[in-house]
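Structural description and commentary
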Amino acid sequence: MEVALKILRFNPERERRPWWGEYKVEADPGDRVLDLLHTVKWHQDGTLTLRRSCAHGICGSDAMLINGLNRLACKVLVRDLGPQIVVEPMRGFRVLKDLVVDMEPFFAKYRAVRPYLINDEPEPRKERRQSPKQRERFEDTTKCILCAACTTACPSFWAAPDFIGPAAIVQAHRFIFDSRDRGAAERLAVLNQSEGVWSCRTIVNCTIACPRDIAVTQAINEVKRAIVTSEEFIPKWRGFDMQRAIGTAFLTLSLGMLALAGFMTFQIANHILQGGNPFDQIGLLILAPSLFPPAILAGLMGLYEFIKAER
Amino acid sequence: MAVFGRPRPVGNTFELYAWIFMRLSGLALLFLALGHLFIMHLLGDETGFGVDRVTYEFVLGRWTGDLGLFWRLWDGSLLYLAMLHGLNGLRTVIDDYVHTPTLHGFFTFLLLAFAMAFLGIGTITILLFSPPT
């Protein structure tokens, strides 16, 4: 099949603004976008510049904006995109040339969370042991290949380039929840700033963008939660416990909604008993039953918080 | 007077508390606002149905009746939580999109002035309102 390939080209040394390069490429449906880019570079226009290294989805070099979504060019197949393919560099970084962007700010943020084992305790005679369950806690975030697809898909990052970004938080998560590591407080202090996790607005673009299927937004929220429940930041006065406070709030909400729903049901019943048509009160008829599921959900969440606080 | 047995947290914890506030006030507002909607727009009695029966007398009756304190507390919490919840949301929008220090300061000040004015008017009304004699 013939693919119409559009690539956003830009050479900042020679050109004043980016332009669209259009190429016709003969491709097999099983080809990857990277193969198309190779075809263009090797046979049509040698000046096309891109980054790629392993070409097998593990080095994280060739993340780019393909048909509007951040993906790895070496992982996405032509048959999943159709005959028209648009390729742009990742958003939010300075373009060095064509599809190559300046990743230095990205790696500076990566270094800021100290992405290595911190443990000053004397070394054990053999290895630092870890149970499968302890390892499971951070399994998901070990899969990160630092391709920057998540960070450059994040509207908070586009709006505020100082935001540390999902990738750095994922890397911090990988060590914060590692039972062998002792540097959690240091990393949480870095992330407990407005440019840290609190710039995250839970937009979930990062999770959609991740080529390694990491639940990025979930990892970020786990880090937020670790900060909220950490004694480093919120002192425990006289047994005040954040987890129990959240649990109490949920239970109160649940009881409140149940009372409200009960009262509405009572109103409807009263109306019917007095010989009224229940559909007169259509608002109540809709609202009363629809309040029960969220009430039960809030109650369960409250109980869950308490059970977690007990353990 | 050392109350806490550990050093004070380093750095600014404002964002952290703002985040917790958003979650807790959001939960409370779900209950307060839904209840408000239910009482003002859905509940009916002999004088009418839903919003039709909400008049000056209706509010007067609620605020000065036996449960006056309860309703004033309800409306007060609704005012404070909704106002601060909404304005804190706007503050994060300003943080995200206004990067010029002068403009950032100006908008934040505007927001604060707005909040003070409306919270002030609301507080005066809720605390000092008394039925005309």
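The structure contained in this document is the topic of the report that follows. The numbers attached to residues start from 1 for each chain and follow its sequence in the written order. By the order in which they are written, chains take letters starting at A while ligands take numbers starting at 1. Where totals are concerned, whole chains, interfaces and linings use all residues; where local detail is concerned, this predicted model gives features only for residues with pLDDT of at least 70, and gives and counts side-chain atom pairs only at 80 or more. Processing note: side-chain calculations cover all non-hydrogen atoms of the structure and skip hydrogens and water entirely.

So, about the nonpolar core. To qualify as a nonpolar core, a set must consist of buried Ala, Val, Leu, Ile, Met, Phe, Trp, Tyr and Cys residues joined through side-chain atoms within 4.5 Å. Buried residues are those whose accessible area, probed at 1.4 Å on protein chains only, stays under 20% of the maximum for their type, while exposed residues exceed 50% and partly exposed ones sit between those limits. If you look at the biggest cluster of nonpolar residues, it comprises 103 residues, and the most contacted ones within it are Leu5(A), Leu37(A), Ile85(A), Leu191(A) and Val223(A). Residue contributions to this core peak at 10 residues, all from helix H1 (residues 14-42) of chain B. Contacts: residue pairs with any heavy atoms within 4.5 Å of one another. Sequence-distant contacts of Leu37(A), defined by excluding residues within four places in its chain, comprise Leu5(A), Ile7(A), Leu48(A), Leu50(A), Met64(A), Ala73(A) and Leu99(A). Going along the chain from the N terminus, every DSSP run of H or I of four or more residues is numbered as a helix, and every run of E of two or more is numbered as a strand.

With that settled, the discussion passes to the packing of aromatic side chains. Any pair of Phe, Tyr and Trp rings, taking the six-membered ring for Trp, is counted once the centres come within 6.5 Å. Such a pair is stacked with planes under 30 degrees apart, edge-to-face with planes over 60 apart, and tilted for the rest. Evaluation of the coordinates by the stated rule reveals 14 aromatic pairs over all chains. Each ring, one from Phe31(B) and one from Trp74(B), has its centre 5.8 Å from the other, and the planes form 45°; the classification is tilted. In this pair, Phe31(B) sits in helix H1 while Trp74(B) sits in helix H3 (residues 68-97), placing the two residues 43 residues apart along the sequence. A residue is classified by how much of its surface remains accessible, and Trp74(B), at 10% relative accessible area, is buried. Taken together, the ring pairs connect Phe93(A), Phe106(A), Phe107(A), Tyr110(A) and Phe157(A) into an aromatic cluster. Over the ring of Trp158(A) we find Arg91(A); its NZ or CZ atom is 5.8 Å from the centre of that ring. By definition here, charges over rings are those cases where NZ of Lys or CZ of Arg is within 6 Å of the ring centre and within 35 degrees of the ring normal. Over the face of the ring belonging to Phe175(A) we find Arg174(A), whose NZ or CZ atom lies 4.3 Å from the ring centre.

Another aspect to go through is the pattern of salt bridges. Salt bridges are counted wherever a side-chain nitrogen of Lys or Arg sits within 4 Å of a carboxyl oxygen of Asp or Glu. If you walk through the whole model with that rule in mind, you get 19 salt bridges over all chains. Between Glu186(A) and Arg114(A) there is a salt bridge whose closest N-O contact spans 2.4 Å. Residue Glu186(A) is found in helix H6 (residues 184-191), and its partner Arg114(A) is found in the loop between helix H2 (104-112) and helix H3 (132-136); the two are separated by 72 residues along the sequence. Classification of Glu186(A) as partly exposed rests on a relative accessible area of 35%. Judged by its relative accessible area of 30%, Arg114(A) is partly exposed. For Arg91(B), the salt bridge identified is with Asp95(B), shortest N-O distance 3.2 Å. One end of the pair, Arg91(B), and the other, Asp95(B), are both in helix H3, 4 residues apart, so they sit about a helical turn from each other. Note on Arg91(B): relative accessible area 15%, which makes it buried.

Turning next to the interface of chain B and chain A. Each partner contributes residues to the interface: chain B has 26 residues there, and chain A has 32 residues. Note on terms: buried area is the combined drop in 1.4 Å-probe accessible area of two parts once they are placed together, counting the loss on both. Counting the surface chain B buries against chain A, the share from its top three residues, Leu16(B), Trp19(B) and Phe38(B), is 20%. On inspection of chain B and its partner chain A, the count reaches 1 salt bridge. With a shortest N-O distance of 3.1 Å, Asp96(B) and Arg201(A) are connected by a salt bridge. N or O atoms closer than or at 3.5 Å make up a polar contact, with two conditions inside protein: a donor-capable atom paired with an acceptor-capable one, and, for residues adjacent in sequence, both atoms drawn from side chains. Joining chain B to chain A, the criterion identifies 2 residue pairs in polar contact (both at pLDDT 80 or more). Going through the elements one at a time, H1 and H3 of chain B are the ones with two or more residues in the side of chain B that touches chain A.

Before going further, it helps to examine the side chain of Glu305(A). All names here are of chain A. On the secondary structure map, glutamate 305 appears in helix H10 (residues 282-310). On the basis of relative accessibility, which here comes to 5%, the residue glutamate 305 falls in the buried class. In this view, glutamate 305 contacts Arg225, Gln243, Ile246, Gly247 and Phe250; residues no more than four positions away in its chain are not counted.

A separate point is the sheet that holds strand E3 (residues 63-66) of chain A. Residues and elements named next belong to chain A. Read across the open sheet, the 5 strands follow the order E2-E1-E5-E3-E4; overall the sheet is mixed. At either end of the open sheet lies a strand with only one pairing partner, and these are strand E2 (19-26) and strand E4 (69-72). Across the sheet, the axes of successive neighbouring strands diverge by a mean angle of 35°, strand direction being ignored. Helix axes are fitted only over the stretch in contact, all axes being lines through C-alpha atoms; the angle between N-to-C directions runs from 0 to 180 degrees. On top of the sheet, helix H1 (residues 33-44) reaches strand E1 (2-9), E2, E3 and strand E5 (84-88); it is set at about 100° to E2, its chief contact. When DSSP locates at least two bridges between a pair of strands, those strands are taken to pair.

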